[in-house]
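Geometric and topological summary
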Amino acid sequence: MRTFKLIFAVALVAGLTGCTTTNVLNSSSSKSSQSKYKSVNDVRRSFGRSTLQTDSRLQRMANEQARFMARSKRMRHTAVSGQTFTVRLKRSGYSGLAAENIAEGYKTKGETMDAWVRSRPHRKNMLNRRMKRYGLGVVETDHPTRGRRKYWALILGG
């Protein structure tokens, strides 16, 4: 039985506050064959929130984080040379409220969105009314013991 991890982090750059929570979800846990959500904006619309715009800085960050996780074959918020989410955010030139959702093992964007919706902290990130922009990265790679895997990174910004 395959299990998938989801990790959550929030950083408020102005105050540099943050937290990390880990959730382990079983692939058979209440997941239907048809994904309910196809995008972060589908999630937001279904909960009565405004849609988000893509942001090139957040997109680059999400792509970099997904690539890093795929290369290291590990799901984590800390990237190359121990750079935390907050450090990566500052390096990108983005300031203000931001959050990062990451996931491993889900085959489609819809499955990933469904899993994040089922996880209270991830759902809270996606539905935060102060968020206005996002970037979503995904990289697929071969894992030595688990076969083909996708690594997902969603960066949200206010």
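As a reminder, the structure under discussion sits directly above these lines.
Anyway, here's the lowdown on the structure attached to this text. These numbers come from a predicted model, not from an experiment.

Cut-offs applied
Residues numbered from 1 in each chain as written. Predicted model: local features only at pLDDT ≥ 70, side-chain atom pairs only at ≥ 80, totals over all residues. Heavy atoms only, no water. Salt bridge = Lys/Arg side-chain N within 4 Å of Asp/Glu carboxyl O. Helix = DSSP H or I, 4+ residues; strand = E, 2+ residues; numbered from the N terminus. Buried < 20%, exposed > 50% of the residue type's maximum accessible area, 1.4 Å probe, protein only.

Right, let's get into the pattern of salt bridges. Within this structure, the stated rule accounts for 9 salt bridges. Taking the shortest distance from any N to any O, the salt bridge between Arg149 and Glu104 comes out at 3.3 Å. Here Glu104 lies in strand S4 (residues 97–104) and Arg149 lies in strand S6 (residues 147–157), a separation of 45 residues in the sequence. With respect to class, Arg149 is no different from Glu104; both count as buried. Of the charged contacts, one joins Asp142 and Arg148 as a salt bridge, the two residues approaching to 3.2 Å between their closest N and O atoms. Judged by relative accessible area, Asp142 falls into the partly exposed class, the value being 45%. Through salt bridges with shared partners, a single ionic network connects Asp55, Arg57 and Arg133.

Taken by themselves, the reported measurements are silent on function.
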